[in-house]
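# Structure assessment
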Amino acid sequence: MVTASAQLKGRSFTRVADWSASELERVLDLADELKEQQKRREPHHLLPGRTLGMIFQKPSTRTRVSFEVGIAQLGGTGLYLSAGDLQLGRGETLKDTAMVLSRYLDAIMIRTFAQADVEELARNASIPVINGLTDSSHPCQALADVLTIRERLGRLEGVTVTYLGDGNNVCASLMVAAAKLGMNFRAATPSGYEPSSEAVEIAREAAAESGATVELLADPREAAAGADVLYTDVWTSMGQEEERERRLRELAGFGIDQELLDVAGTSAIVLHCLPAHYGEEIAEDVLYGPQSAVWDEAENRLHAQKALMALVIS
Ligand code: CP
Ligand code: NVA
């Protein structure tokens, strides 16, 4: 059993960028252990009696259920807090919310719009704050993604990950995690859909340290050639619903179908953070096909987040 040492206790996880490669690897190692224990139905109550508050300002299937089940499996309790039902929805500040919730809870998970709101909550909370997705990042998803890649391919260093489509929140966190962990990252997007320059800069700095590469490309076939992992996400993220028609037009040709997967080869795996839209960013036969690791990836949200909670919650 990997010991959840004191070093990470109390730390927030708001951006992959703030965690070192070895800290991220500790989460992955503990996740592997906890996954094994869960499969063997061995109790692993690392957080007895602790309570996680989960604030949602956007819908969720995976994040909500995996956090709520995860904290329960660790011996604690999850509390779903719809932002609209909190006083936050009537103008109570994030600062006061953070200060009050810190008196009741042992950690807060928040899914919201602005990254700055998560940072503000973390600054004012005396307990760890975990980012469950913002408009610009999805760090817990990136943990599950790299966990799945390591599990399937047996390594991270030197693996080539190609992300196709919209260079969004999921792309940004995966790119930074990949660069930190020594994976070569390519994003193939139409013009105007590149990952944010801030995320690219952070990833390139991390890649310079780890020896990895970060490439921005415009041709899906060029990006898929030689890739070990093809990754995609929805073309219309939460909050962008009014842009859907334009996005469908402009992102056409950047989805993963069997023809593109054949360019990567038979040993490549396919990932998608879900929810999926068949025939848009991913073809239905690829999603359910033999090279898809998507369902393991979804499951790994649970194991990765349990490890994260066990490491940061006191
Ligand atoms: N991938 C992911 O975060 O899914 P949910 O929106 O269902 O939580
Ligand atoms: N990019 C998507 C991810 C959903 C899990 C969104 O933000 O809606």
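We now turn to the structure provided with this report. None of the values given here were measured: they were computed from a predicted structure.

On to a negative patch on the surface, then. On the surface, a cluster of negative charge is made up of Asp257, Asp262, Glu284 and Asp285. Along the chain, Asp285 turns up in helix α11 (residues 284-287).

The next subject is the packing of aromatic side chains. Taken as a whole and assessed by the stated rule, the structure comprises five aromatic pairs. Note on Phe56 and Tyr80: the rings are 5.4 Å apart at their centroids and 25° apart in plane angle, and the pair reads as stacked. Of this pair, Phe56 sits in strand β1 (residues 51-56) while Tyr80 sits in strand β2 (residues 77-82), and the two are 24 residues apart along the sequence. Classification of Phe56 by relative accessible area gives buried; the value is 4%. Given a relative accessible area of 36%, Tyr80 falls into the partly exposed group. Aromatic side chains Tyr278 and Tyr288 sit 6.0 Å apart centroid to centroid with 70° between the ring planes, which places their arrangement in the edge-to-face category. In this pair, Tyr278 is assigned in the loop between β9 (269-272) and α11 and Tyr288 in the loop between α11 and α12 (294-312), connecting sequence segments 10 residues apart.

Opposite charge on two side chains permits pairing when their charged atoms draw close. Tallied over the full model, the rule gives 20 salt bridges. The closest approach of N and O atoms between Arg15 and Asp18, which form a salt bridge, is 2.8 Å. Two residues, Glu36 and Arg40, come together in a salt bridge whose shortest N-O distance is 3.7 Å. We classify Glu36 as partly exposed; its relative accessible area is 44%. For Arg40, a relative accessible area of 48% gives the class partly exposed.

The next point concerns the nonpolar core. Ranked by size, the top nonpolar core spans 64 residues in total, and within it Phe185, Leu308 and Met309 carry the most contacts. Ranked by the residues each element gives to this core, the list is headed by helix α6 (residues 169-180), at nine residues. Leave out the neighbours within four places in its chain, and Leu308 touches Phe13, Trp19, Val27, Ile130, Cys140 and Leu143. Counting 19 residues, the second-largest nonpolar core is a separate cluster that includes Leu164, Ala188, Ala264 and Ala283.

Conventions and cut-offs
- Residues numbered from 1 in each chain as written.
- Chains lettered and ligands numbered in written order.
- Predicted model: local features only at pLDDT ≥ 70, side-chain atom pairs only at ≥ 80, totals over all residues.
- Heavy atoms only, no water.
- Patch = residues over 30% accessible without salt bridge, like charges linked within 9 Å, V, L, I, M, F, W, Y side chains within 5 Å.
- Areas by Shrake-Rupley, 256 points an atom, 1.4 Å probe, with all protein chains shown as cover.
- Salt bridge = Lys/Arg side-chain N within 4 Å of Asp/Glu carboxyl O.
- Lys, Arg positive; Asp, Glu negative; His and termini not counted.
- Charge placed at Lys NZ, Arg CZ, Asp CG, Glu CD.
- Helix = DSSP H or I, 4+ residues; strand = E, 2+ residues; numbered from the N terminus.
- Phe/Tyr/Trp six-rings, centres within 6.5 Å; stacked < 30°, edge-to-face > 60°.
- Buried < 20%, exposed > 50% of the residue type's maximum accessible area, 1.4 Å probe, protein only.
- Core = buried A, V, L, I, M, F, W, Y, C linked by side-chain atoms within 4.5 Å.
- Contact = heavy atoms within 4.5 Å.

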